[in-house]
Amino acid sequence: MKTNQLILATLALVALAACTKDNVVNVTTPDNEIGFNAVTQRATKANDAIISGATYGTDNTFQLWGWQSEAGDFSEFLDDASSNFMSNITISWCGGPQSRANAWRNSEYYYYWPFTGKLSFLAIHPSTVAPTSTGWDEDNDVPQAAINDYTIDTDPETTNETVDLMFATNEGTRTSVLAGDGKVGLVFKHALSQIEVKVKTNENYSHDVTFDVESVTFHNIDLSGDVTYINDAIAWTDNTTQTVDWVYYNTVKEGITNAYQTYGAPKVNIPQPANAETTITIGYSMTQHESDKITGTVTISKPQLWEAGKKYNYTINFRLNEILFNPSVTDWVDVNVETITIY
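Computed from a prediction, not measured in an experiment: that's the story for all the values here.

**Q** Before we move on, can you summarise the environment of Y249 with the specific residues and values?
**A** Looking at where Y249 falls in the secondary structure, it is placed in strand β14 (residues 244-249). For the pair Y249 and E214, spaced 35 residues apart in sequence, the C-alpha separation works out to 8.3 Å. Once residues within four sequence positions are removed from consideration, Y249 is found in contact with E214, S215, V216, Y263, G264 and K267.

Below, the structure is given as structure tokens:
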């Protein structure tokens, strides 16, 4: 009789585990904890720096949303359905509330895999950027996000000209992820364009000329736009009001030579189409021997403009034309005067 009671109790516990959606897992055994492995797709530093390479540095943080499908195929989610598992959770490289070994997780709570169903995740970097909306993409069975009026702030105190904006998605089951390295891979895609300006002279003129670059300005571009992340694709709209002058950098760089030099730090900007009115103005100065400094500007028309996830390297090569001379002499003009006869 006692044996039968024990069997019935065991069956009841199994049935309870199968029916419940929130499975209780002993927090002292983290084998079932949801972990992440974040990398960038292309082109780390902290949240306020442009990320280069394929490593997502441990001083970054990102926001995460998660959808759990009990059916395993997400068929229960309609278009724009909100996340039902993790919503606007900050993920950082930390030990969590109980100081486990560092991993990509939330610092306040541990999250664990359900025993059934599948999870789909949406991640946005940096964690300080708030999306206008997140929701389910019913057509493609993946999460989607939108940010309206994302603007490049040029105020030195609050600027985001070096802040990367990136998106990532992935999905998995407890069985599939734990059978691998135990972490959900997140490959971030860059949503902005990166711009870098390099300067040089065509030859080494330093024996005779001190040549300085004083500023680089992009004229008639747009500093704002709407971005969507749908089915792993990034698209920009409302980014063609190209009337703004953007000072890329305006600090003097002295002594330009024929060696490539980066002018200022690389910056990010809104992807946008080419515009016939867009120009780049380069301010320069040059001093020759004991002469006074001469300043001026050079304008480049219709530079190539920008797609998401691409880095545009502008190299400005100053070719000085030496002042040479071609001396010649006007020949004497013969004048035949009247013959004078002497007697």
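**Q** Explain the packing of aromatic side chains to me, using residue names and the numbers behind them.
**A** Under the criterion given, the structure shown has 25 aromatic pairs. On the basis of an interplanar angle of 15° and a centroid distance of 5.2 Å, the ring pair of Y56 and F188 is categorised as stacked. Of this pair, Y56 sits in the loop between β1 (35-40) and β2 (61-69) while F188 sits in strand β9 (residues 183-190), and the two are 132 residues apart along the sequence. Note on accessibility: Y56 and F188 belong to one class, buried. The structure contains a cluster of three or more aromatic residues connected by ring pairs, namely F36, Y56, F62, W93, W104, W113, F121 and F188.

**Q** Would you mind going over the nonpolar core in detail, with residue names and values included?
**A** Y150, L165, F167, V216, F218, W306 and Y314 are the most contacted members of the largest nonpolar core, which has 48 residues in total. The residues touching Y314, leaving out its near neighbours within four places in the chain, are I195, E196, V197, K198, F218, I280, P303, Q304, L305 and W306. I51, L64, I91 and L119 belong to the second largest nonpolar core, which has 22 residues in total.

**Q** Give a description of the sheet that holds strand β18 (residues 294-301) that names residues and reports values.
**A** Here 4 strands make up an open sheet; going across it, the order is β14-β11-β17-β18 and the pairing antiparallel. Each edge of the open sheet carries a strand with a single partner, namely β14 and β18. Within the sheet, the average angular offset between the axes of one strand and its neighbour, ignoring direction, is 25°. Where strand β11 (residues 209-221) and strand β17 (residues 279-288) come together, 10 bridges link them in antiparallel fashion. Bridging across to β17, V216 finds its partner in I282.

**Q** If you had to explain unusual backbone geometry to someone new, which residues and values would you point to?
**A** Look at the link from H125 to P126: it is a cis peptide, with omega at 0°. Along the chain, the position of P126 falls in the loop between β5 (118-125) and β6 (133-137). The phi angle at N88 is positive, at roughly 55°, despite the residue not being glycine. Along the chain, N88 falls in strand β3 (residues 86-94). In this model, N231 sits at a positive phi of 55°, which is unusual for a non-glycine residue.

**Q** Describe a negative patch on the surface, and please don't skip the residues or the numbers.
**A** Residues E70, D73, E76, D79, D80, E138, D139 and D141 make up a contiguous surface patch of negative charge. For E70, the location among the structural elements is in the loop between β2 and β3.

**Q** Can you tell me about the pattern of salt bridges, naming the residues and giving the values?
**A** Charged atoms that come close allow side chains of opposite charge to pair. Counted by the stated rule, this structure contains 7 salt bridges. The salt bridge involving E196 is made with K311; its shortest N-O contact spans 3.2 Å. Placement of the pair is E196 in strand β10 (residues 193-201) and K311 in strand β19 (residues 311-318), with a sequence separation of 115 residues. A relative accessible area of 9% places E196 in the buried class. Note on K311: relative accessible area 37%, which makes it partly exposed. Look at the salt bridges and you will find they share partners, linking E33, R100 and R105 into a network.

What counts and what doesn't
Residues numbered from 1 in each chain as written. Predicted model: local features only at pLDDT ≥ 70, side-chain atom pairs only at ≥ 80, totals over all residues. Heavy atoms only, no water. Helix = DSSP H or I, 4+ residues; strand = E, 2+ residues; numbered from the N terminus. Contact = heavy atoms within 4.5 Å. Phe/Tyr/Trp six-rings, centres within 6.5 Å; stacked < 30°, edge-to-face > 60°. Buried < 20%, exposed > 50% of the residue type's maximum accessible area, 1.4 Å probe, protein only. Core = buried A, V, L, I, M, F, W, Y, C linked by side-chain atoms within 4.5 Å. Pairing = 2+ DSSP bridges. Axes fitted to C-alpha atoms, helices over the stretch in contact; angles between N-to-C directions. Patch = residues over 30% accessible without salt bridge, like charges linked within 9 Å, V, L, I, M, F, W, Y side chains within 5 Å. Areas by Shrake-Rupley, 256 points an atom, 1.4 Å probe, with all protein chains shown as cover. Salt bridge = Lys/Arg side-chain N within 4 Å of Asp/Glu carboxyl O. Lys, Arg positive; Asp, Glu negative; His and termini not counted. Charge placed at Lys NZ, Arg CZ, Asp CG, Glu CD.

As far as function goes, none of this settles anything; it's purely spatial.
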